Amino acid sequence: LRSPRNPEQKIIKRVIALEGDIIKTIGYKKKYVKVPHGHIWVEGDHHGHSFDSNAFGPVSLGLLHARATHILWPPHRWQKLQPMLPPERKPLRREQE
């Protein structure tokens, strides 16, 4: 996705929550956030060391640029990426519920 702070920069993050989901944040200004309509919550794999929604909040879907499907470098890590959400980062509630 395009960085919310610098549109010239592209960043790769994991989508943690979709619009309507309630997420427990990690160091964001609010402990819980309901992701607004037209937004997603993204996080890096290294909590505390990642420039992600915990730093800048929900991200507009308009900034979403592409989807990562494979790891190509380094060659010994070549693989297809499987959708995976760490269990401790699952949304607390989905709007459909």
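In case you missed it, the structure is sitting above this.
Quick summary incoming for the structure in this document. Fair warning: this is a prediction, and the values are worked out from it, not measured in the lab.

## So, the layout of surface pockets
The computed volume of the largest pocket comes to approximately 1100 Å³. In terms of lining residues, the largest pocket is bounded by 31 residues, among which Ile12, Lys13, Arg14, Ala68 and Leu81 are the most central. Elements that contribute at least two residues to the lining of the largest pocket include exactly β1 (14–17) and β6 (70–71). When residues of the lining of the largest pocket are assigned to their parent elements, the largest contribution, four residues, is made by β1. Partitioned by chemical class, the residues of the lining of the largest pocket number 15 nonpolar, seven polar and nine charged.

## Some thoughts on the pattern of salt bridges
When their charged atoms lie close together, side chains carrying opposite charge are able to pair. For the structure shown, the criterion picks out one salt bridge. Of the charged contacts, one joins arginine 14 and aspartate 45 as a salt bridge, the two residues approaching to 3.0 Å between their closest N and O atoms. On the criterion of sequence distance, the pair formed by arginine 14 in strand β1 and aspartate 45 in the loop between β4 (39–43) and α1 (53–56) is long-range, its members being 31 residues apart.

Quick notes on the rules
- Throughout, residues of each chain are indexed from 1 in the direction in which the sequence is written.
- Only residues with pLDDT of 70 or above have their local features reported here, since the model is predicted, and side-chain atom pairs are shown and tallied only from 80 upward, although totals for entire chains, interfaces and linings are computed over all residues.
- Note that water and hydrogens are dropped before the side-chain values are worked out from all heavy atoms of the structure.
- With a 1 Å grid spanning the protein atoms alone, the term cavity applies to any set of points in which a 1.4 Å probe fits but cannot get out, the term pocket to an open set with protein on both sides within 12 Å along at least five of seven lines, and the term lining residue to any residue with an atom within 4 Å of a point.
- Grid points are joined across faces, edges and corners, and a volume is the space filled by probe spheres set on the points.
- Every helix listed is a DSSP run of H or I at least four residues long, and every strand listed is a run of E at least two residues long, numbered separately from the N terminus.
- We call Asp, Glu, Lys and Arg charged. Ala, Val, Leu, Ile, Met, Phe, Trp, Tyr, Cys and Pro are nonpolar, and the rest, Gly among them, are polar.
- Here a salt bridge means any side-chain nitrogen of Lys or Arg lying within 4 Å of a carboxyl oxygen belonging to Asp or Glu.

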